[in-house]
Amino acid sequence: MNNPEVIYANLTGDSEPYVTDSLCVNCEQQGKTTILLTKIPMFSNIIIISFDCEQCGYKNNEVQFGGEIKDKGIKLSLKVTEPQDLQRQIIRSEFCKAMIPELEFEMPSNKKSSINTLEGFLTNIIDDLSHDQSIRKYTQVQVYDRIEYIIEKLKEFKDGQGLPFNWIMEDPSGNSFIQNLNELQDDPQLKIQNYIRTIEELEDMGYSAENQKQENQQLKQQQQVITDPIHQGTEQIQAGGQNFNQSIEDSVKNESINIPTPCNVCKEMGENKMCTVTIPHFKEILIMSFNCGFCGFKDTEVKATGEISKQGKIIELKFENENDLCRDVFKSDTAKLIIPEIELELGTGTLGGVYSNVEGLLEQILTRLRDTNPFVGDSADDDYKKKMELFFLKLEEFKSGNSKFTLIIRDLVENSFIQNPFYPKEDNQVKITLFDRTPEDNDELGIDTMKTENYQN
C-alpha cells in the first residue's frame with residue numbers, strides 16, 4: 001500500500017489474480033470470487049471480478065473502473081446502419097445510461113460496468129426484459145404487450161433487420177467508449193460530445209462537494225479577497241513570441257484578463273483567464289483558461305474572433321524538412337485534420353481549437369489517439385494492434401522530422417492558419433483553396449438556425 005501506483009499491473013499471461021471465498025446469492029453456499037486488478041493500455045485501470053459457484057453452477061462477471069473519472073462527462077451517439085455495426089466493441093461504465101430513442105427505451109445506470117459488443121448488449125437487454133414476462137402476461141397485460149413489442153424490435157435489430165436505429169450512451173464519469181470501425185478515419189456514424197457534469201451527477205457518483213465545502217470553509221475565509229475582480233493591462237501577444245513548450249495556462253499568466261467565475265462542476269468560484277493573441281498576417285484569436293482551485297477542474301478553449309466567413313478553406317502543407325515543424329499552426333474547432341500518407345482523418349472539432357506549431361499539433365494527435373482508444377493494447381486483436389503500432393511509429397517519424405508528409409486542414413470557416421515563414425514571399429509548400437459550404441456544413445455550424453434579428457420575438 002506504500003506504492004499505490006503499482007497496484008494495477010499490465011495484463012499479461014503471468015498476471016496473478018486474487019481468489020477468495022464468497023457466499024453465493026443463488027444457493028447461499030460457498031463459492032469462489034476471482035479478482036484481478038489490471039489496466040487496459042491507453043485507457044484506464046480496471047478491476048475484473050468473476051464469481052463461480054461449484055454447488056449450483058451460478059456465475060457472475062463484473063468490470064469496475066479503478067482510475068479517476070474524466071474531467072468531463074461524455075455523450076456517445078451511434079447510428080447503426082448495417083449489421084457490421086453490431087460488432088463494435090463497447091465499454092459501458094457503472095454510471096452510464098443507454099438509450100434507443102426509436103423504442104423510447106432507456107437503460108439506467110446499474111452500478112455495474114461491462115465490456116461487450118453492441119450485439120451482446122442487445123442480447124442481455126432482451127434476456128432481462130424477457131424475465132417475468134410469463135407472469136406479466138396475466139397480471140399486467142398492457143405492460144406485457146409493450147415489453148413484448150420492444151423485445152421483438154430488439155431481436156430484429158440484433159439480427160441486423162429493421163435498421164437503422166440509434167444507440168446513445170450518456171456517462172457523467174466520461175469512462176464509456178464505442179469502437180470506431182473506421183479506425184483512423186472520421187466515423188460519420190458516431191458523434192462524441194463532452195459536457196460539463198452537474199453537481200447532482202457528481203454527487204450521484206459518490207463525490208460529495210458539500211462535505212468538501214465544510215472541510216475547506218475555514219481555509220476559504222483566510223483567502224485573500226480580490227477587490228477588483230477584473231485585472232486589466234492586457235496587451236496583444238504576438239504569436240511569434242509564444243513558447244509552445246509550456247501549457248496554455250502558463251502562456252496567459254502574465255498578460256490576461258482575470259475574471260472570477262463559478263465552476264460548472266462544484267459551483268465554487270474559480271478563475272477564468274482570457275487573452276487575445278495576434279497571429280501575424282492572419283487575425284486575433286481568443287485563449288480562455290479556467291481553473292478551479294477548489295475541485296481542481298480545468299478547461300481550456302482557443303477560438304478565432306470575428307465574423308463567420310462566407311466560404312470554407314482548405315490548407316495543404318507539404319512537409320519538406322525539420323524547419324517546417326516550427327511553423328505556427330492554428331486549427332480551429334470547426335476544422336477537420338487529414339494526413340493522407342497514413343490515412344488519418346480527425347473529424348471536425350475532434351481536438352477542439354489548437355494553437356501550437358506543427359510538432360506540437362502532431363504530439364496532440366498522438367496523445368489523443370493513445371488516450372481515447374482502449375483497444376490498442378492487450379485487448380486488441382493482433383492485426384489491429386500491429387496496424388496501430390505501425391501508425392504510431394509513422395506519426396513519431398513525422399513528429400521528429402524524419403519523414404515527409406502532407407498536413408491538410410479543412411475548415412468550414414476561414415479560421416485556421418499555417419504560418420508562412422517566407423512572408424511577404426510566396427510559400428510554395430502551402431496551397432490554400434476556398435470552397436462553398438454544403439447545406440450539411442451549414443447545419444453543422446448552426447448557421448441556418450441562427451437568429452440575427454428581432455431578438456425580442
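Residues numbered from 1 in each chain as written. Predicted model: local features only at pLDDT ≥ 70, side-chain atom pairs only at ≥ 80, totals over all residues. Heavy atoms only, no water.

The protein appears in an unreviewed UniProt entry as Zinc finger ZPR1-type domain-containing protein from Paramecium pentaurelia.

J.: Would you mind going over the overall build of the protein with me for this structure?
T.: When helices and strands are tallied, the protein shows 10 helices and 26 strands. Out of the 457 residues in the protein, the part that is buried amounts to 40%. Restricting to contacts in the protein with at least 6 residues of sequence separation, those with at least 24 account for 65%. Approximately 25900 Å² of the protein is accessible, and the part contributed by carbon and sulfur atoms is 46%. (Helix = DSSP H or I, 4+ residues; strand = E, 2+ residues; numbered from the N terminus. Buried < 20%, exposed > 50% of the residue type's maximum accessible area, 1.4 Å probe, protein only. Contact = heavy atoms within 4.5 Å. Areas by Shrake-Rupley, 256 points an atom, 1.4 Å probe, with all protein chains shown as cover.)

J.: What should I look at first to understand the environment of Y423 in this one?
T.: With respect to the secondary-structure elements, Y423 resides in the loop between β25 (417-418) and β26 (430-435). A relative accessible area of 48% places Y423 in the partly exposed class. Placed 142 residues apart in sequence, Y423 and H281 show a C-alpha to C-alpha distance of 8.8 Å.

J.: I would appreciate a short explanation of the nonpolar core in the present structure.
T.: Soluble globular proteins tend to pack their nonpolar side chains together in the buried interior. Counting residues in each nonpolar core, the largest one holds 30 residues, and the members touching the most others are I339, L362, I365 and L395. Secondary structure elements with two or more residues in this core: β19 (312-318), β21 (335-339), β22 (344-346), α8 (358-371), α9 (382-400) and β24 (406-411). Setting aside residues up to four positions removed in sequence, L362 forms contacts with L325, I339, L395, F398, K399 and F405. By size, the runner-up hydrophobic cluster in this structure holds 28 residues, among which are V80, C96, I147 and I178. (Core = buried A, V, L, I, M, F, W, Y, C linked by side-chain atoms within 4.5 Å.)

J.: Where do I start with α9 in this structure?
T.: Owing to its 3.6 residues per turn, the α-helix brings residues three or four apart onto one side. Taking 1.5 Å as the rise per residue, α9 with 19 residues should run 27 Å; its terminal C-alpha atoms sit 27 Å apart, in good agreement. Three or more residues of α9 are buried, namely Y384, M388, F391, F392, L395, F398 and K399. Along the long axis of α9, the arc covered by the buried residues comes to 115 degrees, so they all point the same way. Away from its buried face, by an angle of more than 90 degrees, α9 presents the exposed residues D382, D383, K386, L390 and L393. Looking one or two places after α9, you find G401, whose phi comes out positive at around 80 degrees. (Expected span 1.5 Å × (residues − 1). Arc of directions from axis to C-beta.)

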